[in-house]
Structure formats: structure tokens, C-alpha cells
Amino acid sequence: MRNESIYFDYNATTPLDSEILSIMLQSLKDDYGNPSSIHHIGQKARYILDNSRDRIARIWKCKPSEVIFTSGGTESNNLALFGAARHQKSRGNHIISSEIEHHAVLHALEYLEKFEGFEVTWIPVNSKGFVEVESVKAAIRPDTILVSIMAANNEIGTIQPVNRIGKICQENGIIFHTDAVQWFGKEPVDEIGQFNADLVSVCGHKFHGPKGVGALFIRSPLLPHPIHFGGAHENERRAGTENLPGILGLTEAVERFTKAPVFDRIDWIDWRLELRAVLSRMEGISIRSPESNCLKNTFAFTVRGTDGMTLIANLDLQGICVSSGSACSAGSIEPSHVIKALGADKEESSSLVRISFGRDNKREQLDKLVHILPSVIESSRL
Ligand SMILES: Cc1ncc(COP(=O)(O)O)c(C=O)c1O
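Please read all numbers here as calculations on a predicted model, not as lab measurements.

Cut-offs used in this document
- Residues numbered from 1 in each chain as written.
- Predicted model: local features only at pLDDT ≥ 70, side-chain atom pairs only at ≥ 80, totals over all residues.
- Heavy atoms only, no water.
- Helix = DSSP H or I, 4+ residues; strand = E, 2+ residues; numbered from the N terminus.
- Rg over C-alpha atoms; globule rule 2.2 N^0.38 Å.
- Buried < 20%, exposed > 50% of the residue type's maximum accessible area, 1.4 Å probe, protein only.
- Contact = heavy atoms within 4.5 Å.
- Areas by Shrake-Rupley, 256 points an atom, 1.4 Å probe, with all protein chains shown as cover.
- Domains from an automatic or database assignment.
- Buried area = accessible area lost by both parts, 1.4 Å probe.
- Salt bridge = Lys/Arg side-chain N within 4 Å of Asp/Glu carboxyl O.
- Polar contact = N/O pair within 3.5 Å; in protein donor to acceptor, adjacent residues only side chain to side chain.
- Nonpolar A, V, L, I, M, F, W, Y, C, P; charged D, E, K, R; others polar.
- Pairing = 2+ DSSP bridges.
- Axes fitted to C-alpha atoms, helices over the stretch in contact; angles between N-to-C directions.
- Near = heavy atom within 4 Å.
- Core = buried A, V, L, I, M, F, W, Y, C linked by side-chain atoms within 4.5 Å.

### Some thoughts on the overall build of the protein chain
In terms of regular secondary structure, the protein chain is built from 13 helices and 12 strands. Its C-alpha radius of gyration of 21 Å places the protein chain within 12% of the 21 Å reference for a compact globule of 382 residues. Each principal axis of the C-alpha distribution contributes one length, and for the protein chain these read about 65 × 55 × 40 Å. Across the 382 residues that make up the protein chain, the buried fraction comes to 57%. Put simply, 73% of the contacts in the protein chain that link residues at least 6 apart link residues at least 24 apart. In the form shown here, the protein chain has an accessible surface area of approximately 16,200 Å², with 53% of it arising from carbon and sulfur atoms.

Have a look at this one:
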């Protein structure tokens, strides 16, 4: 008999909320107009687009013109980094970021270094995975134009002091971007200003919205260079006919799942303590998520004597879905750059297990995980 599926991979993606799905399906049928068309069918679509932007701006306490819809977290990060770096180029070519950013930031900045003459200082993290504010401060130079530090890490869940980093950037007249993709839906957003950032990346499918849609907050009067060219959509920052049902779904998800209190449950802290207790009785395990200043739903560890692919596959055979590092083109798992940045060796960096809970998980599902985890780890080591 097939095991019941237990989904503990909410940092990878979340199921689309069923009410949001119905709203989107209706809109897909009814609102087929192009928001740029002059006639009344187009204008109906235009109203939904403008209204979605207004609804998000109301929650974020910003101007509607500061909300740009994109195709997700990757595009928001690319638009923020390429757009801001090119916009600021006449002022300098130095950028600061951290070693544990998502690849959508790392690879974009590596490209800017390799092909466009920018220089990036990669800030190391401390042994618990935190960027130290003082390290950012010390890296600032007269030619620094941009700092990009994520709000919360996708692999180990560390919450970074972005508010304080943003303040330092403001004091030094430097643009600050934060990738807040993992923050939304897990930690409350009372207003977008809480990050103290000029640019904030958001992605709908991490909080029960649809895939392929996200947003970038751009604090006015900053106008980063566009990376897509064509029409004048999105305040001339993002050409292309808008993904209206996706934008509507994202708006619903922002309204339903990102404001305080984000969750009505508090038991994940206990769940993580239980996992910590079970794993600390075993040899060769290192727990990589810190006890405090960590996303409450995220618990990551590494295992000596096996690799992430084997661990994930063996848990999957029991019906349990969790993650490891990112898959490479050959289908195996790359050593995690985040775990490496914590000072771990290659064996440990290749054996990450990330468990990330979400609103549909039940206590019995955790019980099953706690029960089988030790034997799955032991059998994966054979
Ligand atoms: C921190 C972070 N940034 C950016 C992204 C990219 O989002 P997407 O792949 O949906 O574009 C992700 C997705 O996992 C993420 O975790």
C-alpha cells in the first residue's frame, strides 16, 4: 500500500489556496481583456490590475506606483539587481552581498561582475549563518552603490538584520535590496517600510498564491533600468502583457497570508525542539538552523556518512517530502553553498536535509517523521 504523502517542503513551494484558485479560475474565464486595450473589455481588465496594485499598496503602506508585478522571485531579484546596478553605474561599481544568498541573487551578481565591470564583496556569515551588521558597514567604500542581503534564508531559515543594514545604507546614500521571498507568509509584514529597503523581492507561490507571479517593491523616486523591453507596462519597468489571474491570485494571497499574525499556530517551535532532541542523540548530525532568529517553520541538518540525494529519496519512499540543496543539471544534488559558508566540509555540504512545515501539516505527520527519521538516516548510511 502506498504511504500517505506528507509534505514538509513549504520553503520550496506551497499548495495554492482553494478559494484563491476559484477566484483565479473565474477571472481566467471572465477577465480575458488586455489591460492596455481602450474598449470596455480591456478597461475591465485594467480595473482589476489597478485595483490589485492598490490593494497590495494598502497593505504595504506604500504608493501603488511603487508595486511592480513580475513573474516571481527570480525576476524580482534580477530586475532589482541589474536595474539598480546599471542605474547607479555613474556613481560607482562596488556592490555588497552575502555568501548565502539565493542563486537568483548570486548568479545575477556574478554576471554583473564578469560581464559588466562591477565588483562584488561577498560578506561571509558567522558560524550560525547570520550576516553581521558590522561586516556590512566595514565593507562599504566610497564607490559602493548597492547592497543586497536576503531577509530570511531559504535553506537554514536564518533571519537577517535587514532593518539595521538598510539604515546603514540609507545613512551612506546606498541603494539597499532585500530578497524577502522566504519572509512573506512566514513572518508578518505590517508595512513594506519595515525592511528599510529601497527594493524588496516577493514571490506568490511561497504563501499559497500561484506560481509564476511575484512583485518588486521599488521605493520612489528610484527607477531602476528595465530588463525587459517592449511596451510601457508596469510604469515602464516591466514590458509585457500582464498575467492578470496570477496578479489577482498574488493579491489575494498577500491579503490573506502575509499580515500579522501570519499563523494561528505556535507549535512549530515545539516540533523543532522534538526534532532537535531526536537528532542530538545520533552521531554525525549537525543541526544547521539556529534556535532563535530563525523562520519558525524551518529545520535543517546535515548528516555525515551519506548524501542528500539518498536521504531525500529514502524519506520519499516513506511518503515524506523534504528538500536538500539545489539539483544540478546531471540530476544529482550540488553541495550547498549555504552550508559551505557555515564552515562545513564537502561531505557535510552535500548532505543537507531541510524540513519546512506549513499551515496544512498535522501533529500525526510530525510524529511519523520523528519516529522514522533515525532509521532512515541509519539505512542511508549503509
Ligand atoms: C530566497 C529565495 N529567493 C528567490 C527565489 C526564487 O523564486 P522563484 O523560483 O519562484 O522565482 C526563491 C525560491 O526558492 C527563494 O527561496
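### Looking at the domain arrangement of the protein chain
Accessible area lost upon the coming together of the parts is a frequently used measure of interface size. Considered domain by domain, the protein chain is made up of domain 1 (6-15 + 264-380) and domain 2 (50-257). Each partner contributes residues to the interface: domain 1 has 28 residues there, and domain 2 has 28 residues. Interface area, domain 1 with domain 2, both sides summed: about 2,300 Å², of which 53% is carbon and sulfur. Counting across the interface, domain 1 meets domain 2 through 1 salt bridge. Among the ionic pairs, Glu-187 bridges to Lys-296, the shortest N-O distance being 3.1 Å. Joining domain 1 to domain 2, the criterion identifies 18 residue pairs in polar contact (both at pLDDT 80 or more). Within the residue set of the side of domain 1 that touches domain 2, elements represented by two or more residues are β10 (298-303), α11 (337-341) and β12 (352-356). Take the side of domain 1 that touches domain 2: its biggest share by element is 4 residues, from α11. Here the side of domain 1 that touches domain 2 is composed, by residue class, of 12 nonpolar, 11 polar and 5 charged.

### A few points about the sheet that holds strand β5 (residues 144-148)
In space, the 7 strands of this open sheet follow the order β2-β8-β7-β6-β5-β3-β4, with mixed pairing throughout. In this open sheet, the two edge strands, each paired with only one partner strand, are β2 (67-70) and β4 (119-123). Along the sheet, successive strands turn relative to each other by an average axial angle of 20°, direction set aside. The pairing of strand β7 (residues 199-203) with strand β8 (residues 214-218) spans 5 bridges and is antiparallel. The residue bridging Val-202 from the neighbouring strand is Ala-215, located in β8. Where helix α4 (residues 103-116) meets the sheet, it contacts β3 (94-98), β4, β5 and β6 (175-179), and its direction lies at approximately 145° from that of β4. Its contacts with the sheet put helix α6 (residues 162-171) on β5 and β6, and the angle it makes with β6 is roughly 160°.

### Notes on the site of the ligand
Lining the immediate environment of the ligand, one finds 13 residues, of which Thr-74, Asp-179, Gln-182, His-205 and Lys-206 sit closest. The backbone of Gly-73 places a nitrogen or oxygen atom 3.3 Å from an oxygen atom of the ligand. Between the ligand and His-205 there is a distance of 2.7 Å, counted from an oxygen atom to a side-chain nitrogen or oxygen. Starting from 390 Å² of accessible surface for the ligand in isolation, the protein chains cover 83%. The greatest single-element share of the shell around the ligand, amounting to 3 residues, is contributed by helix α3 (residues 73-88). Counted by class, the shell around the ligand contains 3 nonpolar, 8 polar and 2 charged residues.

### Quick look at the nonpolar core
Counting 62 residues, the largest nonpolar core has Trp-60, Val-147, Ile-165, Phe-184, Phe-195 and Val-200 as its most contacted members. Ignoring sequence-local partners within four residues, the contact set of Phe-184 consists of Trp-60, Val-189, Ile-192, Phe-195, Val-200, Val-202, Lys-206, Phe-207 and Thr-258. Within the second largest apolar cluster, 29 residues are counted, among which are Trp-271, Met-282, Phe-301 and Val-322.

### Concerning the pairing of β8
Within β8, 5 of the 5 residues are buried, which leaves it mostly tucked inside the rest of the structure. Neither face of β8 is left uncovered, since the one carrying Gly-214, Leu-216 and Ile-218 and the one carrying Ala-215 and Phe-217 both have all their residues buried. As paired strands, β2 and β8 are joined by 4 bridges and run antiparallel to one another. Within the sheet, the bridge partner assigned to Ile-68 lies in β8 and is Leu-216.

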